[in-house]
Amino acid sequence: MLSCCGSRAWAHRLAAHRPYPDLDALLAAADEAAYDLSPADISEALACEDLPVPPDAAAYAAAFTALAAAHSAYEDRFGHAFVICLDDIAPGEALDHLLAGLRDRLGNDREEERVLAAEELRRLARGRITRHVRHLPPARSENTGETRRESIGNSPYVPV
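Fair warning: this is a prediction, and the values are worked out from it, not measured in the lab.

Notes on the overall build of the chain
Okay, so step 1: In terms of helices and strands, the chain carries six helices and two strands.
Okay, so step 2: The buried share of the chain, taken over its 160 residues, is 39%.
Okay, so step 3: Put simply, of all contacts in the chain between residues at least 6 apart along the chain, 66% involve residues at least 24 apart.
Okay, so step 4: Summing over all exposed atoms, the chain offers an accessible surface of approximately 9200 Å²; the carbon and sulfur share of this is 53%.

Considering the packing of aromatic side chains
Okay, so step 1: Within the structure shown, the criterion is met by two aromatic pairs.
Okay, so step 2: Here the aromatic rings of Tyr74 and Phe78 are separated by 4.7 Å at their centres, their planes lie at 50 degrees, and the arrangement is tilted. Remark: Phe78 and Tyr74 occur in helix α4 (residues 61–78); sequence separation between them is four residues, near one turn of the helix. For the pair shown, Tyr74 and Phe78 are each scored as buried.
Okay, so step 3: On the numbers, 5.1 Å between centres and 85 degrees between planes, the contact of Tyr74 with Phe82 is edge-to-face. Residues Tyr74 and Phe82 agree in their burial class; the two are buried.

Digging into helix α3 (residues 39–47)
Okay, so step 1: Among all positions in α3, only Asp41, Ile42, Glu44, Ala45 and Leu46 are buried.
Okay, so step 2: The inward-facing, buried residues of α3 abut α1 (8–16) and α6 (110–134).

Here we look at the nonpolar core
Okay, so step 1: One finds Trp10, Leu14, Leu26, Leu46, Val83, Leu121 and Ile129 to be the most contacted residues of the largest nonpolar core, which totals 25 residues.
Okay, so step 2: Looking at which element gives the most residues to this core, the answer is helix α2 (residues 23–35), with seven residues.
Okay, so step 3: Judged by nonpolar contacts, the second largest core, of 13 residues, contains Ala63, Phe82, Leu86 and Leu98.

Considering the environment of Val115
Okay, so step 1: On the secondary structure map, Val115 appears in helix α6.
Okay, so step 2: Exposure remark for Val115: the relative accessible area of 51% places this residue in the exposed category.
Okay, so step 3: Considering only alpha carbons, one finds Val115 and Ile42, 73 residues apart in sequence, at a separation of 9.6 Å.

Concerning the packing of α1 against α2
Okay, so step 1: It is the contact of α1 with α2, at a shortest axis distance of 9 Å, that shows an interaxial angle of 145 degrees. For the crossing formed where α1 meets α2, the hand is right-handed. Facing α1, whose interface residues are Trp10, Arg13 and Leu14, α2 presents Leu26, Ala29, Ala30, Glu32, Ala33 and Ala34.
Okay, so step 2: Considering only residue class, the contact of α1 with α2 consists of seven nonpolar, no polar and two charged.

Considering the pattern of salt bridges
Okay, so step 1: Scanning the entire structure with this criterion turns up 11 salt bridges.
Okay, so step 2: Residue Asp36 is joined to Arg13 by a salt bridge in which the shortest nitrogen-to-oxygen separation is 2.5 Å. Taken as a pair, Asp36 in the loop between α2 and α3 and Arg13 in helix α1 lie far apart in primary sequence, 23 residues in all.
Okay, so step 3: On the accessibility criterion, Arg13 (26% relative accessible area) is partly exposed.

The rules behind the values
- Residues numbered from 1 in each chain as written.
- Predicted model: local features only at pLDDT ≥ 70, side-chain atom pairs only at ≥ 80, totals over all residues.
- Heavy atoms only, no water.
- Helix = DSSP H or I, 4+ residues; strand = E, 2+ residues; numbered from the N terminus.
- Buried < 20%, exposed > 50% of the residue type's maximum accessible area, 1.4 Å probe, protein only.
- Contact = heavy atoms within 4.5 Å.
- Areas by Shrake-Rupley, 256 points an atom, 1.4 Å probe, with all protein chains shown as cover.
- Phe/Tyr/Trp six-rings, centres within 6.5 Å; stacked < 30°, edge-to-face > 60°.
- Core = buried A, V, L, I, M, F, W, Y, C linked by side-chain atoms within 4.5 Å.
- Axes fitted to C-alpha atoms, helices over the stretch in contact; angles between N-to-C directions.
- Left-handed = near helix turned anticlockwise from the far one by under 90°.
- Nonpolar A, V, L, I, M, F, W, Y, C, P; charged D, E, K, R; others polar.
- Salt bridge = Lys/Arg side-chain N within 4 Å of Asp/Glu carboxyl O.

The following block contains the structure:
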């Protein structure tokens, strides 16, 4: 769970309430745990994050340089890495979205940015959990021993 969100309190809370009946229940618990993070928990999670680099960033050297400079300014201002969830952004638009987000959020005050960063951490965790669950290895049938692939909707539990 720590690979989804770097807060130990968040990960412990999710692990303590397992098993989850389905992905939606796990995501709801992850959201609730994220909303309950203390400032120290958020700081711990932010310390585990790196600058998101979209897949096409290397092809645009000038944009990548601008991204690195904006991120450095952000870290100097807020004391932690910039976080933004790019899950719903088309790959070709990710770099522009990332740069625009960095530039826009540099104007925030510390408290406003902390709230936005916590929300982005929550969104990142949801996406990471979903990707992990969807890439679980095939399950073995208890009755036949055969390998089968179940959709998470049919799975009795979501392992955490």
